[in-house]
Amino acid sequence: MSPDSAPTRSNVALRGSSQIVSEFFEYSINSILYQRGIYPPEDFQIVKKYGLNMLITNDEDIKAYVRKIMNQLHRWVSHDKISKLIVAIISKDSGDVVERWQFDLEISTPKESEDKGTSTIPLQKTKEDIQKEIQAIIRQITASVTFLPTLETGDYTFNVLVYADANAKVPSEWIDSDSKEIQNGEKVKFKSFSTNSHKVDTLVSYKLNNE
Amino acid sequence: MDSSPFIDNPANKSGGGSRYGSPFRRISFNSVNGLGSDAGTAVVGGSGNDQNKVDELKSEVNSLNFVVSDLRNQIELNKIESEQKVNDLMKELSQQHLKNDNLSSDQVFIYNQNKELNSKLAHIQENFTGERSKYENEIKDLKNELFQFKKQYDEVQTESKYKFSQMEQEQHNNELQIQNLNTLNSNISDELTAKDEMIRKLKLKMNEQMSTIEKLNSDLMSIPSKDEIASVQTINKQLSEQVTYIQELELKNLTQAEQIKKLTLNKQNTEILKEEKAALTKKLTKIDELNDTINDLNLQLLNLQQENAKWKVYLNEEDDVKIEEFVKNYALLKEENILLQNNFNQTENELKNSKNLYNELFITHESLSKNFNTLSKNYENIGKLNNELEQQKSLAFEESNFLREQLKNLDQELSLNEDDKNKYIQNLEGLVDEYKTKIDDLTKKIPKEVSNKRQRTEEDEAKDEDTTRNFQKSVSRLEDENFNLNNKISKLLNENSVLIKKLQSLEEIKEKKVRILQLRNNPFLNDQFVKKELLEALTKENNDLLQKTPLGETIPKSLYERSQLENQGLDRKINELNKRIQRLREIFSAKSLEFIDAVYSLLGFKLEFLPSNKIKLISKYTKNDKNCLLIDPVKQTFKTSKHNDEDDVFFQICDNLIDFWIKEKNDIPCFLAALTLELFEKNQSTDQ
């Protein structure tokens, strides 16, 4: 589609969906930073989102960093240029990746109703349905502290990686990175959520303390 | 219109109807008299009955006339309508004919066009196949060219890089030279101006001296004296010295002019170098463009590699086969495969035939073996019979011998009696006949038994043959099925391996096509950068300290730098801690506000914690905020503050309550509760 032409319905839907997805990424990054104790709890403030009390950072530097990522991410998501978002939690002393939160993003086609004898109509997901699914994931992230190894506040930092398409336009602020994989790490898959245009799977891999 | 009922009927009514009454009038009459209708009219009408009938008939005739005329009109109208319809239909028919003609002509035209298009299509297809092969060749050539261009481009790029670096170096040197020359030039020009000024001054002096000389000469000519001569000599000397100095200056001037010439040459050279620089920058831009094209080509290359990988999936990874050769080999292999398949089919057919033959032979073999068994049994039976017969024969032989002996004896006896002899011979003949008949019976019995046995075995054999045939057929069928299933399994296994390879290659390609990105300025890299900086500073400090001589008293600069870095780190930490404290304060203030609000809403007192460890209590029900209670929990003191005299009521209440609750009961919470209740009641009464 040329940039001058009027936006079609699907285009609008895609934009709305990418907005939802990038918002989810922002809140989940903040939740991970809070729940995993990367920054002290006083650095966070409570806001209402997805029908839950979400915690977002108060620190201006981290805010700016996350905002910068989200701005670019929204563009990439709406143009279907990314496939993964990684939040790597890294030890400041050793530089080892101790936790790797992976969000897989894929374009999904809406399901169709299966009424016999009638023409198939794509099932449109309502905002409430999407919100319920996101709620479930955020709850799982919150509950993950029960099985994930404890991390001392101040000893760890984080980094956000994006798996972008090779043809995607990359601003000069972005540079290449390694995948920061955890070798032989434990993996736990979380619930997934989907909009009418996207599907997001969540997975955490972590290093066990005794290793 | 004479026949119209609307004209005739009213006239009839006025003429006949008015006199004798219309049916309406008749009914009304009848209704008055209360008689039957027909009877009433008959009695009243009397003589005018025929006339009535005539009138009725007339009216009927009139109405019928009207109906007839109406029908005629209708018929005429219908006729006109039908004519119109016929005309319309005729028109439509003619139009349809015209349309039909047009359609037939169109059909013919379309048919012709179709023919032409078919011929064109065939022609185009021919051309297309030719062109396709041409384009394929062209694509191949272009690929080759692309490869060559790439090579050339790489070479050109390396050369250009090399040249560019050389030129940059030259440029740098030239710039340095130019700078030096410029400074030299400026110095020399300054000197030159100074020298020019000097020359000018000297020339002026020389002119002055020349004028003085002339004057002196004239004076000398007029008054020659010894002193003057001496002065003239000194002047001459000075003059000669000045002349030599001027000559030296002129020489210097000449050398400087040469130097200036050289400098101008250098300037020209620098201009040429500048032009070269501009050309090189243009080249650089071109190189940038070429870099873009290289990126595009790399993308194309990646796509081609993908295709190559797709194709390579079907080959072993170690094979380094070109696709053209592979396709050629594939075609050859395909032909070979077809031939082999034909051969395979033929051999398969032969195998099937031979199998069938084998089955038949097997069946015959089975039947023959059974026959053989039966025959061997028969043979054994016959052997037994033979033995029996042999025994009988030996018995018969012995009997015959015995009988011969008896005959000999009898011959001797016969000589005595011929009658008895005859009788005896007859008896013997009878016995022989009996034996013969017995032997014949036995010999007849043997083939019969054999034939019976044979008949039985043939029936069994037929049955056995059928079962074996069925069995053989089922076995061959199952073998075929097994063979087909084995083929299928091998095919599926091959497909599976190919698909696994394909999947792996696709995953690899996907991984290649993805870039993992991070922000340049991220928390982890920032942390690493600080650490790296500190490490570098420490290593530098260490090296400096190691290199430092033991006698030296100075401290290396790197030590200071390292301590600066450490200070920066500490500053950062201090900032972070300050931030944290600030946030904690904010949280504390927010929470304390919440607490004060809760206390205010629940207990009705606003709490203010004063710096002097005192607590200020302001009731919810006081009109003035300055009417408050001051409690010192350390010193156990209690104060009331008063704003103005208007609030005496508040203090009266307070005093009363203090006397009772604090002085007597020593209970502050009850005092506060009582105070709020009192103040509330007071407010209520004043509001009312």
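Residues numbered from 1 in each chain as written. Chains lettered and ligands numbered in written order. Predicted model: local features only at pLDDT ≥ 70, side-chain atom pairs only at ≥ 80, totals over all residues. Heavy atoms only, no water.

The name that an unreviewed UniProt entry assigns to chain B is Spindle assembly checkpoint component MAD1, with the source organism given as Wickerhamomyces ciferrii. As stated in UniProt under Subcellular location (unreviewed entry), the record for chain B gives "Nucleus". Note on chain B: under the UniProt heading Sequence similarities (unreviewed entry), the record states "Belongs to the MAD1 family." (UniProt positions renumbered as here; feature names shortened; annotations may be inferred.)

Going by the annotation in an unreviewed UniProt entry, the name recorded for chain A is Mitotic spindle assembly checkpoint protein MAD2A, with Wickerhamomyces ciferrii given as the source organism. Check the Sequence similarities (unreviewed entry) section of the UniProt entry for chain A; it says "Belongs to the MAD2 family."

A.B. asks: Which parts of the structure should I look at to understand the UniProt feature "coiled-coil region" (unreviewed entry) in chain B?
C.D. replies: Residue and element names in this part refer to chain B. Those places that UniProt annotates as "coiled-coil region" (unreviewed entry) correspond, in this numbering, to residues 54–92, 125–219, 246–445, 475–509 and 560–594. Along residues 54–92, the helical share is 100% and the strand share 0%, with 54 Å between the first and last C-alpha atoms. Segment residues 475–509 splits into 100% helix and 0% strand. End C-alpha atoms: 50 Å apart. (Helix = DSSP H or I, 4+ residues; strand = E, 2+ residues; numbered from the N terminus.)

A.B. asks: Would you take a moment to explain a positive patch on the surface for this structure?
C.D. replies: Residue and element names in this part refer to chain B. Residues Lys163, Lys282, Lys283 and Lys286 make up a contiguous surface patch of positive charge. Of all the elements, helix H5 (residues 226–312) adds the most residues to the positive patch, at three residues. In this structure, Lys286 sits in helix H5. (Patch = residues over 30% accessible without salt bridge, like charges linked within 9 Å, V, L, I, M, F, W, Y side chains within 5 Å. Areas by Shrake-Rupley, 256 points an atom, 1.4 Å probe, with all protein chains shown as cover. Salt bridge = Lys/Arg side-chain N within 4 Å of Asp/Glu carboxyl O. Lys, Arg positive; Asp, Glu negative; His and termini not counted. Charge placed at Lys NZ, Arg CZ, Asp CG, Glu CD.)

A.B. asks: Sorry if this is basic, but what is going on with the nonpolar core here?
C.D. replies: Phe24(A), Phe25(A), Ile29(A), Leu73(A), Trp101(A), Phe103(A) and Phe158(A) are the most contacted members of the largest nonpolar core, which has 52 residues in total. Aside from chain neighbours lying at most four places away, what touches Ile29(A) is Val66(A), Met70(A), Leu85(A), Val87(A), Phe158(A) and Val160(A). With 18 residues, the next largest nonpolar core counts Phe650(B), Ile662(B), Ala674(B) and Leu679(B) among its residues. (Core = buried A, V, L, I, M, F, W, Y, C linked by side-chain atoms within 4.5 Å. Buried < 20%, exposed > 50% of the residue type's maximum accessible area, 1.4 Å probe, protein only. Contact = heavy atoms within 4.5 Å.)

A.B. asks: Quick question: what am I supposed to make of unusual backbone geometry here?
C.D. replies: Leave glycine aside and you will find that most residues have negative phi; peptide bonds, for their part, are mostly trans. Residue and element names in this part refer to chain A. We note that Asp80 has phi near 55°; this positive angle belongs to a residue other than glycine. With relative accessibility at 43%, the residue Asp80 sits in the partly exposed group. Positive phi is not limited to glycine here, since Lys180 has a value of about 55°. Along the polypeptide, Lys180 turns up in the loop between strand S6 (174–176) and strand S7 (186–189).

A.B. asks: In this structure, what is going on with the interface of chain B and chain A? I would like to understand it.
C.D. replies: Size of an interface, as often reported, equals the accessible area lost when the parts are brought together. Counting residues at the interface gives 22 residues for chain B and 37 residues for chain A. Carbon and sulfur atoms make up 56% of the area that chain B and chain A hide from each other, which totals about 2700 Å². Together, Ile516(B), Leu517(B) and Leu519(B) form the three largest contributors to the area buried by chain B at its contact with chain A, with a combined 27%. Applying the counting rule to chain B against chain A returns six salt bridges. Across the pair Arg580(B) and Glu42(A) runs a salt bridge whose closest N-O atoms are separated by 3.7 Å. The set of elements that each furnish at least two residues to the side of chain B that touches chain A consists of strand S1 (514–519), helix H8 (523–547) and helix H9 (557–603) of chain B. Classifying every residue of the side of chain B that touches chain A gives ten nonpolar, four polar and eight charged. By the bridge criterion, three bridges tie S6(A) to S1(B) in an arrangement that is antiparallel. Its bridge partner lying in S1(B), Asp176(A) is registered against Leu517(B). (Buried area = accessible area lost by both parts, 1.4 Å probe. Nonpolar A, V, L, I, M, F, W, Y, C, P; charged D, E, K, R; others polar. Pairing = 2+ DSSP bridges.)

A.B. asks: Which parts of the structure should I look at to understand helix H10 (residues 648–664) of chain B?
C.D. replies: Residues and elements named next belong to chain B. The terminal C-alpha atoms of H10, which comprises 17 residues, lie 23 Å apart, in line with the 24 Å expected from a rise of 1.5 Å per residue. Taken as a whole, H10 carries its principal kink of about 40° at Ile658. Of the positions making up H10, those classed as buried are Phe650, Phe651, Ile653, Cys654, Leu657, Ile658 and Ile662. One or two residues past the end of H10 sits Asn666, with phi positive at roughly 55°. (Expected span 1.5 Å × (residues − 1). Bend = angle between axes of the 7 residues up to and from the residue.)

A.B. asks: Whenever I open this one, the confidence of the model for chain A confuses me. Can you help?
C.D. replies: Low pLDDT marks stretches whose predicted atomic positions should not be read closely. Counting all residues, the mean pLDDT for chain A is 84, and 84% of those residues have values of 70 or more. This model gives residues 1–9 of chain A a pLDDT under 50, and the stretch forms five contacts once residues within four places in sequence are excluded. (pLDDT = per-residue confidence, 0-100.)

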